[in-house]
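A structural walkthrough
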Amino acid sequence: MATQNLKVRSGNRIIISLDGKSIGTMKNLRANDDYAPDPVSGIGDIHVVEHVPTLARHSLSCSTAVLNAGALREMGVALENGDDALRGLVFDIVVISKDDGTVLRKYSGCNYASGDLEITANQVVMANAQFQAIDVTGSGG
């Protein structure tokens, strides 16, 4: 009898949802959680006794193929200009297992921080975007 051999997560078995919508052309998503630990020592002692978290920073970056319709802008998660940035819109980025629907990571209160466009000869035009999140949940990453 055949059995499934699924021991690791792979990109073809994961859905990434931005603002509740999947982007079918997303090529990658990279998430970085930084808690900015600050060393603590006492007066007259150079030895660190503890590293205290001082500020949680959740940064995400992704690359997507540019569709004729401009998927990220049409979805409202990428900004057109500075006036768009002043609207203060936030959304969630969720990483979900296609196998059982488990939420692996959920980045809440995300906003578009920056982005660029990559145009290379004989290649698909790519849009790269960076986001900042207010919080993160889930341990399946």
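Cut-offs applied
- Residues numbered from 1 in each chain as written.
- Predicted model: local features only at pLDDT ≥ 70, side-chain atom pairs only at ≥ 80, totals over all residues.
- Heavy atoms only, no water.
- Helix = DSSP H or I, 4+ residues; strand = E, 2+ residues; numbered from the N terminus.
- Rg over C-alpha atoms; globule rule 2.2 N^0.38 Å.
- Buried < 20%, exposed > 50% of the residue type's maximum accessible area, 1.4 Å probe, protein only.
- Contact = heavy atoms within 4.5 Å.
- Areas by Shrake-Rupley, 256 points an atom, 1.4 Å probe, with all protein chains shown as cover.
- Lys, Arg positive; Asp, Glu negative; His and termini not counted.
- Charge placed at Lys NZ, Arg CZ, Asp CG, Glu CD.
- Salt bridge = Lys/Arg side-chain N within 4 Å of Asp/Glu carboxyl O.
- Pairing = 2+ DSSP bridges.

**Topic: the overall build of the protein**
Looking only at helices and strands, the protein has two helices and ten strands in total. Reading the secondary structure of the protein in the N-to-C direction produces β-β-β-β-β-β-α-α-β-β-β-β. Here the C-alpha radius of gyration of the protein, 19 Å, is well above what a compact globule of 141 residues would show, namely 14 Å. Considering only C-alpha atoms, the protein reaches an extent of 65 × 60 × 30 Å along its principal axes. Buried residues in the protein amount to 26% of all 141 residues. Relative to all contacts within the protein whose residues are 6 or more apart in sequence, the contacts with residues 24 or more apart total 57%. As displayed, the protein offers around 9,700 Å² of accessible surface, 51% of which is attributable to carbon and sulfur atoms. Across the protein, the mean location of the 12 positive side-chain charges is 10 Å away from that of the 16 negative side-chain charges.

**Let's talk about the side chain of Thr-64**
Here Thr-64 is to be found in strand β6 (residues 57-65). When its relative accessible area of 4% is taken as the criterion, Thr-64 is described as buried. Setting aside residues up to four positions removed in sequence, Thr-64 forms contacts with Ile-23, Thr-25, Met-26, Lys-27, Leu-72, Val-125, Met-126 and Ala-127.

**With respect to the pattern of salt bridges**
The tally for this structure, following the rule as stated, stands at four salt bridges. Of the charged contacts in the structure, one is a salt bridge between Asp-99 and Arg-13, with a shortest N-O distance of 2.3 Å. Highlighted residues: Asp-99 in the loop between β7 (91-97) and β8 (103-118) and Arg-13 in the segment before β1 (14-18), separated in sequence by 86 residues.

**Here we look at unusual backbone geometry**
Notably, Asp-19 is not glycine yet its phi reads approximately 55°, a positive angle. Its location among the elements puts Asp-19 in the loop between β1 and β2 (21-22). By relative accessible area, Asp-19 is classed as partly exposed at 37%. Non-glycine residue Asn-122 carries a positive phi angle of around 60°. Residue placement: Asn-122 occurs in the loop between β8 and β9 (126-133).

**Some words on the pairing of β7**
With five of its seven residues buried, β7 lies for the most part within the structure. As defined by bridge partners, β7 adjoins β8 across five bridges and the pair is classed as antiparallel. In the strand pairing of β8, Ile-96 is matched with Val-103. With antiparallel pairing between neighbouring strands as the criterion, β7 and β8 make up a hairpin whose turn holds five residues, including Gly-101 at a positive phi of roughly 80°.

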